[in-house]
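# A look at the structure
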2 protein chains.
Amino acid sequence: MRTLHHLALSAKSRKIRIVLGEKRLEAHLKAEQIWDRRPEFLALNPAGEVPVLVEDDGTTIAHATAISEYLEEMHPSPALMPPDPAGRAEVRRLVSWFDEKFEAEVTDLLVGEKVMKRFLGRGEPSSEAIRAGMSNISIHLDYIGWLAERRSWLAGEVFSLADITAAAHLSCVDYLGDVPWDRNPEARTWYARVKSRPSFRPLLADHITGLQPPKHYADLDF
Amino acid sequence: MRTLHHLALSAKSRKIRIVLGEKRLEAHLKAEQIWDRRPEFLALNPAGEVPVLVEDDGTTIAHATAISEYLEEMHPSPALMPPDPAGRAEVRRLVSWFDEKFEAEVTDLLVGEKVMKRFLGRGEPSSEAIRAGMSNISIHLDYIGWLAERRSWLAGEVFSLADITAAAHLSCVDYLGDVPWDRNPEARTWYARVKSRPSFRPLLADHITGLQPPKHYADLDF
């Protein structure tokens, strides 16, 4: 069976887990403590980051974008991008929005400071960074709400990798109880729709030792 | 004619200019002073970043990855990725390596500090950042040299988006004269091969007011 090297609170790893679930592909999950910088893992991905997908025949795909595009090409059904190039470009624009912009402005400042920093041995969380993350997440929730009000799903009429990427990041922040859901009802309704998909269920069952999620985290009717 | 909103020393804009050149697609270049945050430009790309491609019919594609994948789908010949999914994944891994890792560890610290910071009104360049960028570029040059020694081009046997992305970033740093070319002969030879392609020529003719490139910048036999 294929192996996905991942971390429970890595948003990009969660994205690939949802993609695998949507495409009904099984994978053995292997937690990689990237802060250990194991030589065997660095040989799989010199960037030292998760996710990394290893196929049965040893084919190794590193980096979330490379993996999601690879899975889309290898297993095109169900499609997670629309068929037209402009529609696909809108999906990819939003994927980058969440994997780069949301990650830098929210995920890194909240999950990064509160959880990853501890594992990486980089000291105490910065309260300034956390304040910035909490302020930024409101702006991003409003953007999600704005998109969800105008479209069936974030990138257009079909459920896509854009929804998966956004929800993967939010789910990590939600595990810490840091998403101000009351702020934007449209964003909340959109997230509830993603959260109720069977592909999302394994993420809601995640439990990190010593770090309990809030009660609403696994509640589909939060 | 299509329009590319760009900046001369934006590596991701340069990448799209090379892709357009390789595919022999004409585009009107429009410099966008992103630090002005013009509402008309933010309507094209809410992230406020270049490059943004606008087609004749008004179709707007924002973000370098979305644009390069879009151009590859719309104009598949000449191909800038190999046909097999695993080979394409290796191209995409390296594209992300340079657009994310090299950008954060080198481009942002050198071009960002020395040039963009001034325009953005964010004060003087940080000498600490510049020192870090100069230290990091050596490691990246060695990685490029390592790949170039083992493969015809960075991602494998064919010239690809990986070579274009790496060269686009290096060309920005080279405009400042900050690439220690003597360090790695394989990396230098690989860059000379990319630099001599006709698609690269317009970049070598770039001149930014008040900022002259070093003599070797446009020299194909540097």
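Criteria and thresholds
The numbers attached to residues start from 1 for each chain and follow its sequence in the written order. Chain A is the first chain written and ligand 1 is the first ligand written, with later ones labelled in order. Only residues with pLDDT of 70 or above have their local features reported here, since the model is predicted, and side-chain atom pairs are shown and tallied only from 80 upward, although totals for entire chains, interfaces and linings are computed over all residues. Processing note: side-chain calculations cover all non-hydrogen atoms of the structure and skip hydrogens and water entirely. In this analysis, two residues are considered to be in contact whenever any of their non-hydrogen atoms come within 4.5 Å of each other. Here the quantity called buried area is the total loss of accessible area, with a 1.4 Å probe, experienced by two parts when brought into contact, counted for both. Here, a salt bridge means any side-chain nitrogen of Lys or Arg that lies within 4 Å of a carboxyl oxygen of Asp or Glu. Superposing the copies works by least squares over the C-alpha atoms of residues that have pLDDT at least 70 in both of them. Under the scheme used here, helices are H or I runs from DSSP no shorter than 4 residues and strands are E runs no shorter than 2 residues, and both carry numbers assigned from the N terminus. Residue exposure (1.4 Å probe, protein chains only): buried if accessible area is under 20% of the type maximum, exposed if over 50%, otherwise partly exposed. Confidence of the predictor at the level of single residues is given by pLDDT, which spans 0 to 100. For two strands to be treated as a pair, DSSP must find no fewer than two bridges joining them.

## Considerations on the interface of chain B and chain A
Each side of the interface is counted separately: chain B has 24 residues, and chain A has 24 residues. Summing both partners gives a buried area of about 2,000 Å² for chain B against chain A, and 65% of it is carried by carbon and sulfur. Put simply, chain B and chain A have six salt bridges between them. Taking the shortest distance from any N to any O, the salt bridge between Glu-73 of chain B and Arg-88 of chain A comes out at 2.8 Å.

## Topic: the relation of the copies chain B and chain A
Overlaying chain B on chain A yields an RMSD of 0.0 Å, the required transformation being a rotation through 180 degrees with an accompanying axial translation of 0.0 Å. In the structure described here, the two chain copies are related by an operation that fits a two-fold rotation axis. It is Glu-100 of chain B whose C-alpha, among those of chain B, lies nearest the rotation axis, at 4.3 Å. Taken together, the interface assignments show that 100% of the residues at the interface of chain B recur at the interface of chain A, consistent with an identical surface on both copies.

## Overview of the pattern of salt bridges
Counted by the stated rule, this structure contains 41 salt bridges over all chains. Across the pair Asp-142 of chain B and Arg-183 of chain B runs a salt bridge whose closest N-O atoms are separated by 2.7 Å. Note that Asp-142 of chain B is positioned in helix H5 (residues 127–150) and Arg-183 of chain B in the loop between helix H6 (161–175) and helix H7 (185–195), a separation of 41 residues in sequence. Overall, the relative accessible area of 29% leaves Asp-142 of chain B in the partly exposed class. Salt bridges sharing partners connect three or more residues here, namely Glu-69, Glu-73, Arg-88 and Arg-92 of chain A together with Glu-69, Glu-73, Arg-88 and Arg-92 of chain B.

## Points about the side chain of Glu-32 of chain B
The topology assignment puts Glu-32 of chain B in the loop between strand E2 (28–31) and helix H2 (39–44). For Glu-32 of chain B, a relative accessible area of 2% corresponds to the buried category.

## Digging into the environment of Val-95 of chain B
All names here are of chain B. Mapped onto the secondary structure, Val-95 falls in helix H4 (residues 85–119). C-alpha of Val-95 to C-alpha of Leu-161: the two residues are 66 residues apart in sequence and 6.8 Å apart in space. The contact partners of Val-95, leaving out residues within four places of it in the chain, are Lys-15, Leu-161, Ala-162 and Thr-165.

## Observations concerning the confidence of the model for chain A
As a note on interpretation, predicted positions should not be read in detail where pLDDT is low. Taken residue by residue, chain A gives an average pLDDT of 96. The fraction at 70 or more is 100%. The complex prediction reports pTM at 0.97, with the ipTM value standing at 0.97.

## Side note on the pairing of strand E1 (residues 3–6) of chain A
All names here are of chain A. Covered by surrounding structure in E1 are Thr-3 and His-5 together with Leu-4 and His-6, the residues of both alternating faces. The pairing of E1 with strand E2 (residues 28–31) spans four bridges and is parallel. Looking at E2, one finds that His-6 is bridged to Ala-31.

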